[in-house]
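Each chain, written out:
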Amino acid sequence: MAGNTFGQLFKLTSFGESHGRALGGVIDGCPAGLELDMEKIQLDLNRRKPGQSAIVTQRKEPDTVEFYSGIFEGKTTGTPIGFAIHNTNQKSKDYSHIKDSYRPSHADYVYDKKYGFRDYRGGGRSSARETASRVVAGAIAKQFLGEVKINAFVSQVGDLKLEKPYQDLDFSKIESNPVRCPDQEMAERMETYIKAIKKEGDTIGGVITCVIQNVPIGLGEPVFDKLHADLGKAMLSINAVKGFEYGSGFEGVKMKGSAHNDSYNSDGTTTTNRSGGIQGGISNGMDIYFNVAFKPVATIIQAYETIDKEGNKVTTQGKGRHDPCVVPRAVPIVEAMAALVLADHTLLARSNKI
């Protein structure tokens with residue numbers, strides 16, 4: 001299986017399956033001498049882990065990361081950083097009923113056709129549990145980035161949409177509720193809605209907004225490795241993501257160029273930021289902001305019709321422990337992937353000029 005490595009200079013290669021012994025990864029390219037705050041790394045993992053509230057999967061995993069190489073006396077050595085997160089609460093029997101059939105909107109069918117074999121326990125390699133490795137690498141990338149601030153939050157669940165601009169939000173309130181929405185009133189409405197969807201045995205989608213501040217000018221390459229293109233690839237590589245837009249996004253098509261253009265101030269900043277902090281594929285020093293759309297979780301705890309390996313129509317039902325809405329737990333994943341992109345482009349930018 002190809003495609004398990006992300007990045008050019010700051011690289012993550014991840015391994016593991018949902019119901020295997022462990023997940024983990026190797027981070028290559030992290031410069032030596034970076035002093036790491038291990039508590040911050042574990043904190044981001046805790047934000048992603050299952051069982052943290054009533055509106056997420058109740059699988060109980062401590063998700064404690066163990067480092068095996070690349071760190072000495074609390075600092076990176078410049079050698080590959082190897083780590084693992086051990087699985088402790090698998091319930092593989094919950095998936096025995098789909099051994100010979102395919103769940104709608106899952107990767108089951110295409111995995112079987114592509115490889116001729118699949119791990120049906122929790123989706124195997126295609127499980128969102130793989131993203132735990134990304135969160136570890138992203139937490140290290142955040143510390144490498146220093147003053148760059150990355151804040152993601154839930155801005156929409158179903159039709160419930162936070163209409164306030166991000167400048168009017170207090171990011172310190174993101175972690176004040178299980179939905180991870182920084183507006184308390186909207187967070188309560190979202191939580192009530194997710195609980196109602198869960199009670200129906202169904203799922204719902206949502207949107208995560210990410211804001212990156214204090215980004216230096218000059219990150220990103222002008223042709224194939226545009227900064228927004230790499231951010232888009234990073235976000236679209238996350239399980240269940242169906243859309244990515246940055247800056248004015250799709251709303252920008254409704255505007256005339258005279259209204260859409262970002263006029264310059266004398267210091268090089270712009271009066272507006274419809275470009276989303278990126279122009280010509282290169283960061284311009286303004287805030288980078290984007291939205292990531294997540295589909296409803298494909299596993300529903302309802303009876304549904306599908307096909308088995310012989311193409312016969314069969315009826316089955318979702319079992320096990322699943323998120324009724326993935327976005328609350330996906331917030332740290334979005335931040336992690338954004339951090340990996342920026343860390344990679346920070347190292348690439350060091351070769352741009354003398």
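This text follows the structure it describes.
Note that the coordinates shown come from a computational prediction; the quantities given were computed from them, not determined experimentally. (Residues numbered from 1 in each chain as written. Predicted model: local features only at pLDDT ≥ 70, side-chain atom pairs only at ≥ 80, totals over all residues. Heavy atoms only, no water.)

Undergrad: How should the pattern of salt bridges be read in this particular structure?
TA: When their charged atoms lie close together, side chains carrying opposite charge are able to pair. Scanning the model with the defined rule gives 15 salt bridges in all. Among the salt bridges present, the one from K195 reaches E191, with a minimum N-O distance of 3.3 Å. In this pair, K195 and E191 are both assigned in helix α4 (residues 184-199), four residues apart and thus about one turn of the helix distant. Overall, K195 belongs to the partly exposed group, its relative accessible area being 40%. Ionic contacts of the salt-bridge type, sharing partners, join the residues D44, R47, K142, E175, R180 and E335 into one network. (Salt bridge = Lys/Arg side-chain N within 4 Å of Asp/Glu carboxyl O. Helix = DSSP H or I, 4+ residues; strand = E, 2+ residues; numbered from the N terminus. Buried < 20%, exposed > 50% of the residue type's maximum accessible area, 1.4 Å probe, protein only.)

Undergrad: For this particular structure, what's the right way to read the pairing of strand β10 (residues 206-213)?
TA: On a regular strand, one side chain projects to one face of the sheet and the next to the other, so that they alternate. When you tally the buried positions in β10, you get seven out of eight residues, the bulk of the element. Bridge analysis of strand β8 (residues 149-157) against β10 gives eight bridges, and the strand direction is antiparallel. Looking across to β10, one finds that Q156 is bridged to V207. Sheet topology places β10 next to strand β14 (residues 288-294); seven bridges connect them, and they run antiparallel. Pairing of V207 across the sheet is with A293, part of β14. (Pairing = 2+ DSSP bridges.)

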